[in-house]
Amino acid sequence: MSTLSEISEWLQKGRAPKVKAFVQQALDEGIPASEILQDGLLDGMNIIGQKFKNNEVFVPEVLVAARAMNRGVEVLRPYLVADGVEEKGTVVLGTVKGDMHDIGKNLVRMMMEGKGLKVIDLGVDVPVDKFLDAARENDAKIICCSALLTTTMGEMRNVVEAVQASEMKGKVKVMIGGAPITQTFCDQIGADCYTPDAASAADAAVAYFE
Ligand code: B1M
C-alpha cells in the first residue's frame, strides 16, 4: 500500500499515532505537504464523511477520525506555514455558535498563516459578540466564519447584521465558508466574500490587505 493510502486508511480507523507516523514518512519520502493533505488526510476524512452519511459509522468513529486528522495536520503545519513571512494584517476566525466542527477552520487558519496573516482563532461555538469583540480588540479587518451545519449557518447572518449595526460597518469585512455555504447564501445574507476552500479563503483575505 502507498504511504498516502496508509494515511487515509489509518485516519479512517482513528489511529492518530499511525497517522502521524505515516505523515512524517510521506514527508521523508519527499511527497509535497499539499499532496499529503489532499490525497492522504482529506481522502480519509471524505470516506468517513460518506460512511457517516450512509449510517455505516457513527459519531464516536467520526470523532476519533477527526482527532487523527487534526494530529496529522499538526505534523504538516511547519511545511504549510512559511516562516519569516511579513505580517500582512489581522483576521479573526471561528466556527459559529452551536457548531463544533473545526477541521476546515483549522485548515483556513493554517493557509492564512502561511500567507502572512495574523489569525486570532476563537475556536468553535463562537457567539456573535465574541467575533465582534475580538475584531475590535485586535484591530482586525476581517471576520471569518466557518459553519458545517445547515442548522448553524444562519448564525453567519447574525454576524453580518451585527457588524453592519456597529462602528465597524464598512471597515470590517465578513468572509464565510464551510460545506453547506454557497455564493447564493453569501449574497442573501450580505456577507462580503464566500470561498469554497481554505486556500482560496487565504488568497481572498490577503487580497483585502493589498
Ligand atoms: Co458532523 N456533520 N455532526 N461531525 N461531520 C457533517 C457536517 C455532516 C454533513 C455529516 C452527514 O450527515 N453527511 C452533517 C451535517 C448535515 C447538515 O447540516 N446538512 C453532520 C452532522 C449532522 C453532525 C451532528 C449533528 C451529528 C450528531 O450529533 N447526530 C453533530 C453536530 C455537532 C455540532 O457541531 N453541534 C456532528 C458532529 C461531528 C463530530 C464531532 C463527530 C465531527 C467533528 C469533529 C471536529 O471537527 N473536530 C464531525 C465530522 C468530522 C463531520 C464530517 C464527517 C467531516 C467534516 C470535516 O471535517 N470535513 C462531515 C461530513 C462531510 O463533510 N463530508 C460532518 C473535512 C474539512 C476539511 O472540510 O470543514 O467542509 P470542511 O472545510 C472545507 C471547506 O468547507 C472550507 O475549507 C475546507 C477545505 O479546504 N471551509 C471554509 C471551511 N470553513 C471555511 C471558512 C472559510 C472558507 C472556507 O472562510 C471563512
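Since the structure is predicted, the reported quantities are computational estimates derived from the model, not experimental observations.

For the rest of this paragraph, the subject is the site of the ligand. In the vicinity of the ligand lie 34 residues, with Met 100, His 101, Asp 102, Ser 146 and Thr 150 positioned nearest. Separating a nitrogen atom of the ligand from a side-chain N or O atom of Ser 146 is a distance of 2.8 Å. In this structure, the ligand is accommodated by the largest pocket. Every element with two or more residues in the shell around the ligand is listed here: α3 (33-53), α4 (59-80), α5 (103-114), β3 (142-146), β4 (173-177) and α9 (198-209). Of the residues belonging to the shell around the ligand, the class tally is 21 nonpolar, nine polar and four charged. Both domains that furnish three or more residues to the shell around the ligand are identified here as domain 1 (3-83) and domain 2 (90-209).

Taken as a whole and judged by the stated rule, the model has zero aromatic pairs. One residue, Lys 13, lies across the ring of Trp 10, its end atom 4.7 Å from the ring centre.

With respect to the helices, strands and loops of the structure, Ser 146 is situated in strand β3. Of the residues examined, Ser 146 reaches a relative accessible area of 8% and is grouped as buried. Those residues in contact with Ser 146, other than ones at most four positions away along the chain, are Gly 94, Thr 95, Val 96, Lys 105, Met 156 and Gly 177.

A few words now on the sheet that holds β4. Taken in spatial order, the five strands line up as β2-β1-β3-β4-β5 in an open sheet, and their pairing is parallel. The sheet is open, and its two borders are formed by β2 (117-121) and β5 (193-194), each paired with just one other strand. Here β3 pairs with β4 via five bridges, running parallel. Across the sheet, residue Cys 144 finds its bridge partner in β4, namely Met 175.

In this numbering, the UniProt entry assigns the feature "domain: B12-binding" (unreviewed entry) to residues 88-210. With 42% helix and 20% strand, residues 88-210 has its two end C-alpha atoms placed 8 Å apart.

Split into domains, the protein comes out as domain 1 (3-83) and domain 2 (90-209). Each of domain 1 and domain 2 was reduced to a C-alpha centroid, and the two centroids are 25 Å apart. With 11 residues of domain 1 at the contact, the number on the domain 2 side is nine residues. When domain 1 packs against domain 2, the two sides together hide about 870 Å² of surface, and 72% of this comes from carbon and sulfur.

One non-glycine residue with positive phi stands out, namely Asn 55, at about 60 degrees. If you trace the backbone, Asn 55 turns up in the loop between α3 and α4. Backbone geometry places Asp 139, a non-glycine residue, at a positive phi of 55 degrees. The topology assignment puts Asp 139 in the loop between α6 (128-138) and β3. Residue classification places Asp 139 among the exposed positions, given a relative accessible area of 55%.

Along the polypeptide, Ser 166 turns up in the loop between α7 (155-164) and β4. Separated by 2.9 Å, the side chain of Ser 166 and the backbone oxygen of Val 163 make a polar contact. Not counting residues within four places of it along the chain, the set of residues in contact with Ser 166 comprises Leu 132 and Arg 136.

Cut-offs used in this document
- Residues numbered from 1 in each chain as written.
- Predicted model: local features only at pLDDT ≥ 70, side-chain atom pairs only at ≥ 80, totals over all residues.
- Heavy atoms only, no water.
- Near = heavy atom within 4 Å.
- Polar contact = N/O pair within 3.5 Å; in protein donor to acceptor, adjacent residues only side chain to side chain.
- 1 Å grid on protein atoms, 1.4 Å probe; cavity = no way out; pocket = protein on both sides within 12 Å on 5 of 7 lines; lining within 4 Å.
- Sits in = over half its atoms within 2 Å of the grid points.
- Helix = DSSP H or I, 4+ residues; strand = E, 2+ residues; numbered from the N terminus.
- Nonpolar A, V, L, I, M, F, W, Y, C, P; charged D, E, K, R; others polar.
- Domains from an automatic or database assignment.
- Phe/Tyr/Trp six-rings, centres within 6.5 Å; stacked < 30°, edge-to-face > 60°.
- Lys NZ or Arg CZ within 6 Å of the ring centre and 35° of its normal.
- Buried < 20%, exposed > 50% of the residue type's maximum accessible area, 1.4 Å probe, protein only.
- Contact = heavy atoms within 4.5 Å.
- Pairing = 2+ DSSP bridges.
- UniProt positions renumbered as here; feature names shortened; annotations may be inferred.
- Buried area = accessible area lost by both parts, 1.4 Å probe.

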